[in-house]
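This is what each chain is made of:
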Amino acid sequence: MRPRTGDEIRESYLSWFEERGHRRHDSDSLVPANDPTLLFTGAGMNQFKDYFRGKGTPPCARMTTAQKCLRVPDLENVGLTAGHHTFFEMLGNFSFGDYFKKECCEWVLGWFTEALGLPRDRLVVTIYQDDDEAYEIWRDHLDVAAERIYRFGDKENFWPAEAPSKGPNGPCGPCSEIYYDYEPNEPLPSHEGLEELPRRFIEIGNCVFTQFDRQEDGSLRPLPQKNIDVGLGLDRITAVVQGKTSNFDTDIFAQYIEWIAKRAGKRYGDNPRIDVHLRRIADHVRAACHCIADGALPSNEGRGYVVRKIVRRACRDGYEVGLTEPFLSEVAGLVVARMGGQYPNLGDAQRQIEALLMQEEQAFRQIYVHGEERFRKWFDALGDPSAWASTEVEERGTLPVPPDSGAVAFELHDTFGFPVDITRAMLLDEGYALEETGFHRAMEAQRTRAREGSALSGDVFADSIVTLLKERGVPTSSFTGHEAMVGKGAVLAICSGDVEVETASEGTVELVLSTTPAYAESGGQVGDIGHIGAANGRARLVDTQDREGYRFHRIEIVEGALCKGDEVEVVIDAEARRATERNHTATHLLHQALKNVLGEQVGQAGSLVAPDRLRFDFTHGEKLTAEQIAAVEDEVTREILAATPVQPVDMSLDEARAAGFVAMFGEKYGDVVRTLSVGDYSRELCGGTHVANTGNIGLFRILTDASIAAGVRRIEAATGLNALALVRAETARLDGVAQALRTQPADVVQRVEALQADVRQLRKEAAATRSSSVGDVLNDLETKLEDSRGAKILAASIPDANNKTLLDLLDRLRKKHESFAGILFGASEGTVAIVAAVSKDLIDTVKAGDLVGEAAKALGGGGGGRPEMAQGKGKDASKIDEAIAAAWAQLGL
Ligand code: SER
């Protein structure tokens, strides 16, 4: 049986190369292992780039992988073309100084023709312009007809493309590609003047002959060994095997697209515009699932920003096909079910994936609804496109550019947080292009900030200290800290910033040691602190980090100097470490207790284990009740009281999974993992350090339970002496309150309740007094009212009254007397409040604003307002009587 489904094709490839001496190796994470220079893994060779340069020793000189890749530059084209994706799987076979071109071409062609059964007359190959060796291999050794072999230059047949002239620096080489011909009955294109193969040919394999290391100065230095790096996109090959022209029509995507279409009440294939959305959703959700499972969580910078962008685009596509309720997490369920077999970490992270997608989707839907409304308003009022400039857009041809679209995209971004790529996609869907320069000009300030905020560069091959260490063949550090708190090691390197130095005599530097008891931050547990001493110097150890197995000790020099080659003694701060260990074991107990009390849906979403506290993030929808918190504390405490031994055991990852150990999402594991059991109660994969026995934890208290995102909660807790200090602080606070209330702590609640009752009573009495005194004043004012032309008029002063009181009084008078005009003054400490009110029927005769204006002038102040109501302020209280007389005159007496 020939392989047909995507899964079968992947398996066929890996075993084909296993049969040819290759070791099957796991995919690297999408977040490249310890390579901060690279945003996402984009090719199968990334995890092996040091081996190509002869640095480090590969486990086998021939390897084969199915590598998870993410290519962000292709984002805009996804869904529009047959073969662009964000996430895709790249099948690969690699040789590190072992076999070269001949075997490479033979085996790759063999897999296509023998294993998959592709007819030879549907394949053409390309080679680098002067690579006669490859030409001879294809034609003479493998019998490919000469007219089926095309030669191209740096752009087509060098990898990375155009590396000789443009870089990046690092391993590169000429390549030979294999294309599939979708129109075999048409004559083959000629060799002359051919820029690239027409669209009827689709690239299904790329054999890179990695034999150069591009240097800073642009020169191509031959590598000490010749290597092979073959990459084939699984989705494309599956399309070819299944006789489809689009990757989205294969079994890899069919199920997702069908589900989404059904949910939207649409049929895939009915409407090309809808189809683009359906394809994009399928692609983007698949990508987001893998990113999250690999620890790239949606956020506002770096990798997280890319993930957020992908999720938001999928959400927006959902809107466009009428899916106005959240649905992404359900598609994610399909992705996990389909791909979890090959990538078990998807299953481990399923709850986190679903919760995070739900949260992102809910948040973005609000942004989208408002932004889309504003966009439509602008869009519907657009004029005649024939008068606009136009621009070339890849895969789309020439599109008109609405002249102010850059400014609108910026406004949408700035006011609604509406992402520009969504505006761009909305315009593209309408057949227009975004005015990019206008947008970028407006974004200048934000762009600068973003640039500064992100330390990630795109240079795939930037060298790091770690690469230098590997180059020198320096073995990685060994860790003795599971058993010891003190240990000796040799200084392998000293780094000051990104630069290696020989000696450090002041400031902060990092030491790489051959052997160390210092735990490096990982799995939530912070790096160890302590002291480091050498023959001629001493330093404080302030943090420990791991990079590809090398342990970096961040130190502050206290005295003397430390030199490369020194033997040093590392003394861990035992108190801090022990406190951290109590928190770490307690974190495992807490995790299990939460599952037991709240249900199996609880999944870990992150943790921090420090000496003073532990923080545990988990998926759960509601606030914990006081009873639930107590139940969790009780359960953890029962486990502490049982004084169960804590047992670490090393085993293979597969064995550990089979034995039911819980893996943490986003964590990377090697072939051999450390498992940690607390009796039968808790089983997790964990490389951290722990107490020997749960009884060592002593005391456990939950401090807070808060929501950090929709569906994700955070508990902070303390153990041991920290928990005791906490309880003591609470007791001290209670004692303080009791003292202030002049009672015993036991009676505090009763006392507070009694006080609250007193306050309520006093408030009631005060309100009654206030209203009776207002009543008196009002009665007094009534007696001062005069009649004028059928209206009641009044000018009077009330000592100590402020604007608010006067306003209140006038309001009552106006309500009582249908036709009313009056002005009141209130003098207190050098200011005079003035308020006037006039009922509507009288405002043609006298206006409140004029009354206040005149009076304020007379009293050396100012004010004004509407004809019916005005306020002001005066300074000279001695002139109130004159002002009252003047007001009476104005009022008509
Ligand atoms: N590195 C090459 C590519 O990405 C072949 O694996 O195409």
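For the structure given in this document, a descriptive report is provided here. In this numbering scheme, every chain counts its residues from 1 along its sequence in written order. In view of the model being predicted, local features appear only for residues whose pLDDT reaches at least 70, and side-chain atom pairs are presented and counted only at 80 or more, with totals across whole chains, interfaces and linings using the full set of residues. Side-chain numbers here rest on the full set of heavy atoms in the structure, without hydrogens or water.

### Describing the sheet that holds strand β24 (residues 614-619)
Here is step 1: The pairing criterion is simple: DSSP has to find at least two bridges between the two strands. Numbering of helices and strands runs from the N terminus; a helix is a DSSP stretch of H or I covering at least four residues, while a strand is a stretch of E covering at least two. Spatial strand order, β23-β24-β29-β28: four strands in an open sheet with antiparallel pairing. The sheet terminates laterally at β23 (604-609) and β28 (700-709), the two strands that pair on one side only. For this sheet, the mean inter-axis angle between neighbouring strands, taken without regard to orientation, is 15°.
Here is step 2: Taken together, the eight bridges between β28 and strand β29 (residues 712-719) define a ladder with antiparallel strand orientation. Each bridged residue has a counterpart across the sheet, and for Ala709 the counterpart in β29 is Val712.
Here is step 3: The contact criterion used throughout is that any non-hydrogen atoms of two residues lie within 4.5 Å. Between the N-to-C directions of two axes lies an angle of 0 to 180 degrees, each axis being a line fitted to C-alpha atoms and, for a helix, fitted only over the stretch in contact. Against the sheet, helix α13 (residues 350-380) engages β23, β24, β28 and β29, with an angle of about 80° to β24.

### Observations regarding the site of the ligand
Here is step 1: Proximity is defined per residue: any heavy atom of the residue falling within 4 Å of a molecule or strand makes that residue near it. Close contacts around the ligand come from Ala43, Met45, Arg71, Met90, Trp159, Asn206, Val208, Asp229, Val230 and Gly231, and that covers them all.
Here is step 2: Polar contacts, as counted here, are pairs of nitrogen or oxygen atoms within 3.5 Å of one another; within protein the pair requires one atom able to donate a hydrogen and one able to accept it, and residues that are adjacent in sequence qualify only if both atoms are side-chain atoms. Here an oxygen atom of the ligand sits 3.2 Å away from a polar atom, N or O, in the side chain of Arg71.
Here is step 3: At 3.3 Å, a side-chain N or O of Asn206 approaches an oxygen atom of the ligand.
Here is step 4: Exposure was quantified through the Shrake-Rupley algorithm and a 1.4 Å probe, taking into account, for residues, occlusion by the shown protein chains and nothing else. In the complex, the protein chains occlude 95% of the 240 Å² of accessible area that the ligand would expose alone.

### Observations concerning the packing of aromatic side chains
For any pair of aromatic rings, the description rests on two quantities: the centre-to-centre distance and the angle between the ring planes.
Here is step 1: The criterion for an aromatic pair is that two Phe, Tyr or Trp rings (for Trp, the six-membered ring) have centres within 6.5 Å, with stacked assigned to planes under 30 degrees apart, edge-to-face to planes over 60 apart and tilted to the rest. This model, assessed by the stated rule, comprises 23 aromatic pairs.
Here is step 2: Here the aromatic residues Phe48, Tyr51, Phe52, Phe94 and Phe96 are joined through ring pairs into a cluster of three or more.
Here is step 3: One Lys or Arg, Arg20, reaches over the ring of Trp16 and ends 3.6 Å from the middle of that ring.
Here is step 4: Directly above the ring of Phe379 sits Arg376, whose terminal nitrogen or CZ lies 5.6 Å from the centroid. Counting as a charge over the ring demands two things of the Lys NZ or Arg CZ atom: a distance within 6 Å of the ring centre and an angle within 35 degrees of the ring normal.

### Digging into helix α8 (residues 251-264)
Here is step 1: Over its 14 residues, α8 runs 20 Å from end to end, which matches the ideal 20 Å to within 8%, given 1.5 Å per residue.
Here is step 2: Where α8 ends, the next residue or the one after it, Gly265, has phi of about 70°, a positive value. Helix span, expected: 1.5 Å multiplied by one less than the number of residues in the helix.

### A few points about the sheet that holds strand β30 (residues 786-788)
Remark on secondary structure: sheet strands pair via backbone hydrogen bonds, oriented parallel or antiparallel.
Here is step 1: Taken together, six strands build an open sheet; the order of strands is β30-β31-β32-β33-β35-β34 and the sheet is mixed. The open sheet has two edge strands, β30 and β34 (862-865), and neither has a second partner. Here the strands of the sheet are splayed against their neighbours by 15° on average, with no regard to which way each runs.
Here is step 2: With six bridges joining them, strand β33 (residues 831-838) and strand β35 (residues 869-874) adopt antiparallel strand pairing. Counterpart to Ala837 in the pairing with β35 is Met869.

### Here's the deal with a negative patch on the surface
Here is step 1: Surface patches are defined over residues having more than 30% relative accessible area and no salt bridge, joining like charges when they lie within 9 Å and nonpolar side chains (Val, Leu, Ile, Met, Phe, Trp, Tyr) when within 5 Å. Note on definitions: salt bridges are taken to be side-chain nitrogens of Lys or Arg within 4 Å of carboxyl oxygens of Asp or Glu. We count Lys and Arg on the positive side and Asp and Glu on the negative side, and we leave His and both chain ends out. Positions of charges follow a simple convention, taking NZ of Lys, CZ of Arg, CG of Asp or CD of Glu. Together, Asp26, Asp654, Glu655 and Asp671 give the surface a local cluster of negative charge.
Here is step 2: Among the secondary structure elements, Asp26 is positioned in the loop between β1 (23-24) and α2 (49-52).
Here is step 3: When a residue's accessible area, from a 1.4 Å probe over protein chains only, is under 20% of the maximum for its type it is buried; when over 50% it is exposed; and in between it is partly exposed. Under the relative-accessibility criterion, Asp26 is labelled exposed at 57%.

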